[in-house]
Amino acid sequence: MADRVTVIGWDGSPLTAAARSALGAATLVAGAAHHLALAEVPPAAERIRLGSVSLAARRIAAHRGTAVVLADGDPGFFGVVRTLRAPEFGLEVEVVPAVSSVAQAFARAGMPWDDAQVVVAHPRTLRRAVNVCRAHTKVAVLTSPGAGPAELGLLLQGVHRTFVICEELGTEREQVTVLTSDKAADHTWRDPNVVIVIGGPVAASDTGWIAGRDPGAPRGWALPAAAYGGDAQLGEGESDRLRAAQLARTGPRVGDLVWDIGCGSGAFTAEAARFGAAVIAVDRDPDACARTTAVSRHFGVQPQIVQGTAPYILEDLPEPDVVRVGGGGAAVVSAVADRRPARIVTHASTRDEAELIGRDLTEHGYAVECALLQSVELDTRAWTERERTVVFLLSGMLPDRAP
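Colleague: How should I be thinking about helix 6 (residues 126-135) in this particular structure?
Modeller: Owing to its 3.6 residues per turn, the α-helix aligns residues three or four sequence positions apart on the same side. Of all 10 residues that make up helix 6, 8 are buried, and the element is covered over most of its length. If you check which residues of helix 6 are buried, you get L126, A129, V130, N131, V132, C133, R134 and A135.

Colleague: Is there a simple way to think about the side chain of H364 in this case?
Modeller: Mapped onto the elements of the fold, H364 is located in the loop between helix 12 (351-363) and strand 16 (367-379). Contacts of H364, omitting those with residues within four sequence positions, involve S334, A337, D338, R340 and L398.

Colleague: Looking at this structure, how should I read the sheet that holds strand 11 (residues 257-261)?
Modeller: Two orientations exist for strands paired in a sheet by backbone hydrogen bonds: parallel and antiparallel. Overall, mixed pairing links the 7 strands, which are arranged 13-12-11-14-15-17-16 in an open sheet. One side of each edge strand has no neighbouring strand; the edge strands of this open sheet are strand 13 (304-307) and strand 16. Taking each pair of neighbouring strands and ignoring which way they run, the sheet shows an average axis angle of 20°. Of the strand pairs in this sheet, strand 12 (residues 278-283) and strand 13 are connected by 4 bridges, and their pairing is parallel. Residue pairing in the sheet places D283 in a bridge with Q307 of strand 13. Packing of helix 8 (residues 240-250) onto the sheet brings it into contact with strand 14 (322-325), strand 15 (343-348), strand 16 and strand 17 (384-397), and relative to strand 15 it is tilted by some 160°. Docked against the sheet, helix 11 (residues 329-338) engages strand 11, strand 14 and strand 15, running at close to 175° with respect to strand 14.

Colleague: Help me understand helix 9 (residues 267-274) in this model?
Modeller: Among the 8 residues of helix 9, 8 are classified as buried, and the element is accordingly described as predominantly covered. Once helix 9 finishes, G276 follows within two positions and takes phi at roughly 100°, a positive value.

Colleague: Please clarify how a nonpolar patch on the surface should be interpreted in this entry.
Modeller: Together, V376, L378 and W383 line one region of the surface with nonpolar side chains, adding up to about 310 Å² of accessible area. Secondary-structure assignment places L378 in strand 16. For L378, a relative accessible area of 38% translates into the label partly exposed.

Colleague: Can you help me understand the packing of aromatic side chains in this one?
Modeller: For any two aromatic rings, the description comes down to two numbers: the centre-to-centre distance and the angle of the planes. Counted under the stated rule, the structure contains 5 aromatic pairs. For the pair F77 and F78, a centre-to-centre distance of 5.1 Å together with 75° between the ring planes defines the contact as edge-to-face. With a relative accessible area of 29%, F77 lands in the partly exposed category. Note on Y228 and F299: the rings are 5.5 Å apart at their centroids and 40° apart in plane angle, and the pair reads as tilted. Of this pair, Y228 sits in the loop between strand 10 (193-198) and helix 8 while F299 sits in helix 10 (residues 286-299), and the two are 71 residues apart along the sequence.

Colleague: What is the right way to look at the side chain of S144 in this model?
Modeller: Along the chain, S144 turns up in the loop between strand 7 (138-142) and helix 7 (149-155). On the accessibility criterion, S144 (10% relative accessible area) is buried. From its side chain, S144 meets the backbone oxygen of A121 in a polar contact 2.7 Å long. When near neighbours in sequence (up to four residues on either side) are disregarded, S144 contacts A121, H122 and P123.

Colleague: Explain the pairing of strand 8 (residues 162-167) here, please?
Modeller: Within a regular strand, side chains alternate between the sheet's two faces. Burial analysis of strand 8 places 5 of its 6 residues in the buried class, which makes it a mostly covered element. For strand 8 and strand 9 (residues 175-180), the ladder comprises 6 bridges, and the chain directions are antiparallel. Bridge pairing links F163 to L179 in strand 9.

Colleague: Looking at this model, I keep getting lost on the environment of D191. Mind explaining?
Modeller: Here D191 is to be found in the loop between strand 9 and strand 10. Spatially, the C-alpha atom of D191 lies 38 Å from that of V336, the residues being 145 residues apart in sequence. Not counting residues within four places of it along the chain, the set of residues in contact with D191 comprises T143, P145 and E168. A polar contact of 3.3 Å, which involves the side chain of D191, links it to the side chain of N193.

Colleague: Would you mind going over the nonpolar core with me for this structure?
Modeller: Soluble globular proteins tend to pack their nonpolar side chains together in the buried interior. Counting 25 residues, the largest nonpolar core has W259, I261, V325 and V336 as its most contacted members. Contributions of two or more residues to this core are made by strand 11, strand 12, strand 14, helix 11, strand 15, helix 12 and strand 17. The contact partners of I261, leaving out residues within four places of it in the chain, are V282, A310, L314, V323, R324, V325, G326, G327, V332 and V336.

Colleague: I keep staring at unusual backbone geometry and nothing clicks. Help me out?
Modeller: Working note: non-glycine residues mostly have negative phi, and peptide bonds are mostly trans. A cis amide bond, omega -5°, links D191 with the succeeding residue P192. Backbone torsion omega between A310 and P311 reads 10°, so that peptide bond is classified as cis. Even without glycine at this site, F78 takes up a positive phi of about 55°. With respect to the helices, strands and loops of the structure, F78 is situated in the loop between strand 4 (67-72) and helix 4 (81-84). Accessibility expressed as a relative area gives 52% for F78, which makes it exposed.

Colleague: Help me understand the pattern of salt bridges, please; the structure alone is not making it clear to me.
Modeller: When charged atoms on two side chains of opposite charge get close, those side chains can pair. A full pass over the atoms with the stated rule returns 20 salt bridges. A salt bridge links E174 to R108; the shortest N-O distance between them is 2.7 Å. Separated by 66 residues along the polypeptide, E174 in the loop between strand 8 and strand 9 and R108 in helix 5 (residues 101-109) bring together distant segments of the chain. Taking relative accessible area as the criterion, E174 reaches 29% and is therefore assigned partly exposed. With a closest N to O distance of 2.9 Å, R351 and E355 form a salt bridge. Taken together, the positions of R351 and E355, both in helix 12 and 4 residues apart, correspond to about one turn of that helix. On the basis of relative accessibility, which here comes to 58%, the residue R351 falls in the exposed class. Classification of E355 as partly exposed rests on a relative accessible area of 37%. Through salt bridges with shared partners, a single ionic network connects E377, D379, R381 and R386.

So, how was this worked out
- Residues numbered from 1 in each chain as written.
- Predicted model: local features only at pLDDT ≥ 70, side-chain atom pairs only at ≥ 80, totals over all residues.
- Heavy atoms only, no water.
- Buried < 20%, exposed > 50% of the residue type's maximum accessible area, 1.4 Å probe, protein only.
- Helix = DSSP H or I, 4+ residues; strand = E, 2+ residues; numbered from the N terminus.
- Contact = heavy atoms within 4.5 Å.
- Pairing = 2+ DSSP bridges.
- Axes fitted to C-alpha atoms, helices over the stretch in contact; angles between N-to-C directions.
- Patch = residues over 30% accessible without salt bridge, like charges linked within 9 Å, V, L, I, M, F, W, Y side chains within 5 Å.
- Areas by Shrake-Rupley, 256 points an atom, 1.4 Å probe, with all protein chains shown as cover.
- Salt bridge = Lys/Arg side-chain N within 4 Å of Asp/Glu carboxyl O.
- Phe/Tyr/Trp six-rings, centres within 6.5 Å; stacked < 30°, edge-to-face > 60°.
- Polar contact = N/O pair within 3.5 Å; in protein donor to acceptor, adjacent residues only side chain to side chain.
- Core = buried A, V, L, I, M, F, W, Y, C linked by side-chain atoms within 4.5 Å.

Now the structure itself:
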């Protein structure tokens, strides 16, 4: 019974002495077809075409001999090592790594990648991968059949991105292509490939301290009106206290797509985007769209901003995960509920309006919460009331899409 397996990463370059030694002693070798065709694989070794890593791990655990698994790039980075180390297989794993395909792709592009997001796109995760590409300026996408450059480009419709597509890295057929995202669907791409997705200017600062997205400034969320140009810039339903409750109820996160309908000053848009979510901000007022653009640029986020009147403008937008309705009332809330996002938040000024919205959400199958929020801002020098706001906060959660 094998209790140890050596995992060898391969990046197209000659195998190291350690890798050749381990492979030469193997009595079982698992890998993709191009791995099993390597000259270093012992002719007498049992060969397993690697499909399901779990099934291969079971065969390795039952094998009487020395097992080796061959994998592309760094097998510890979105690779086979995680599955092989699962307790149920009882395998001790030794890794001989190679350069990851992501590192190779950025090297071919001549770009640093410590500030990049890295996502895996399968057909079941493609939409979330696309949302990360919407939200961030530099993303590496590890693609798969049915979730490749063409599919990424189609789902990014309306959002300009530059693709650096690296096909068959480390092989004689390696090819690197640079084009805009709207052209990706016009080509047929070879697997495997890595897509670097670039959106907007990429900072050239050398002061980074953490991989991925720098948390940045300012600290906190539900920032006061001064952060958005003062009280005059905030519309009805945009106070920091209400915004805090709306952000808490929607819970925007990386991989989500948020709709902000009636974006007004852009405060909610910017703050949802700062959580890492992709945001589509909608408003019929061109001045509101311009303010949202300016606020987003100030905070270093990049939502898609759509000018138009809800609910009609919503018909062609991609499916949302969570939605804030800042304007339009019950008619817009009803149209949003028809699209079945996991969560919807909105506000109402009167009880009658709150009851109408709550009833509509309930009829659409949402679990509804309603709270009357009252906040009083005090002048602490004289401890007198400066401003009082009273508003109904409504939130709906779709049970079959929670969390």
